[in-house]
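# Structural description and commentary
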Amino acid sequence: MKFFIDTADVKEIRAAWEMGCVDGVTTNPSLLAKVGRPLEETIREICSIVDGPISAEAVSLDAPGLIAEGRQLAKIHDNVVVKIPMGVEGMKAVKALTAVGIRTNVTLCFSANQALLCAKAGATYVSPFVGRLDDISQDGMELIADIISIFRNYDYRTQVLVASIRNPVHVLQSARLGADVATVPFSVIQQLSQHPLTDAGIAKFLKDWEKVPKK
Ligand code: G3P
């Protein structure tokens with residue numbers, strides 16, 4: 001499973017990249033607002049840190065606008081993937097951008113039928129939002145299982161990118177199900193590295209090390 005980091009914060013991206021566990025980055029307007037930086041400048045800097053797919057979101061409400069934005073975003077760097085909101089206009093934009101070789105990531109996917117449309121339109125990635133489904137008492141990971149089994153039935157090439165990940169269990173379940181990508185917030189990447197027995201083990205080794213003759 002590929003690991004993307006879900007943030008527009010370059011400090012977090014640098015730290016995760018140094019850990020060797022980042023294959024790409026996903027951003028969205030909310031994440032950019034959080035760091036208070038313009039889109040193009042931020043995406044350019046991210047591309048200078050991470051050599052992998054970097055999702056930048058288009059925000060137009062109609063297909064011509066999304067296509068024009070997508071073309072502009074794709075010019076920033078070869079690694080840019082254009083994030084397109086799910087919907088009829090979004091599907092038109094995915095088809096058009098795919099036809100000219102621009103990679104897309106369809107965001108705000110909440111059903112298997114939406115994912116099916118993304119695959120038909122030729123999206124590179126589809127991003128089902130598991131945390132937001134959990135928030136409304138629907139099992140987000142059940143949707144991931146459903147989409148993966150449908151895509152396998154027909155050998156669709158669209159990659160399943162698990163988004164809106166909130167905790168380490170989402171990551172574990174994504175890997176168990178065989179998701180192509182999980183996009184993970186930095187705080188969850190840090191949680192993945194932790195275990196109380198690791199901490200206790202390090203403390204004991206350090207204590208015992210004090211008793212070992214040094215010469
Ligand atoms: O990539 C989209 C994802 O970041 C949304 O996450 O936590 O805002 O539902 P969240």
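Anything mentioned here points back to the structure above.
Quantities reported herein were computed from a predicted structural model and do not represent experimental measurements. (Residues numbered from 1 in each chain as written. Predicted model: local features only at pLDDT ≥ 70, side-chain atom pairs only at ≥ 80, totals over all residues. Heavy atoms only, no water.)

### Concerning the overall build of the chain
The number of helices and strands found in the chain is 11 helices and 8 strands. Over its C-alpha atoms, taken along the principal directions, the chain stretches across nearly 75 × 40 × 30 Å. Within the chain, the proportion of its 215 residues that are buried is 45%. Sequence separation of 24 or more characterises 57% of the internal contacts of the chain that already satisfy a separation of 6 or more. Carbon together with sulfur atoms contributes 55% to the accessible area of the chain, which is approximately 11,400 Å² in total. Here the chain carries 23 positive and 24 negative side-chain charges, and the mean point of each set is 4 Å from the other. (Helix = DSSP H or I, 4+ residues; strand = E, 2+ residues; numbered from the N terminus. Buried < 20%, exposed > 50% of the residue type's maximum accessible area, 1.4 Å probe, protein only. Contact = heavy atoms within 4.5 Å. Areas by Shrake-Rupley, 256 points an atom, 1.4 Å probe, with all protein chains shown as cover. Lys, Arg positive; Asp, Glu negative; His and termini not counted. Charge placed at Lys NZ, Arg CZ, Asp CG, Glu CD.)

### Let's talk about the environment of Asp-199
In this fold, Asp-199 is placed in helix 11 (residues 196-211). The exposed category is assigned to Asp-199, whose relative accessible area is 51%.

### Examining the side chain of Lys-83
Positionally, Lys-83 belongs in strand 4 (residues 80-85). A polar contact of 3.0 Å, which involves the side chain of Lys-83, links it to the backbone oxygen of Thr-27. In this structure Lys-83 touches Thr-26, Thr-27, Asn-28, Ser-55, Ala-56, Glu-57, Ala-58, Asn-105 and Thr-107, once residues within four positions along its chain are discounted. (Polar contact = N/O pair within 3.5 Å; in protein donor to acceptor, adjacent residues only side chain to side chain.)

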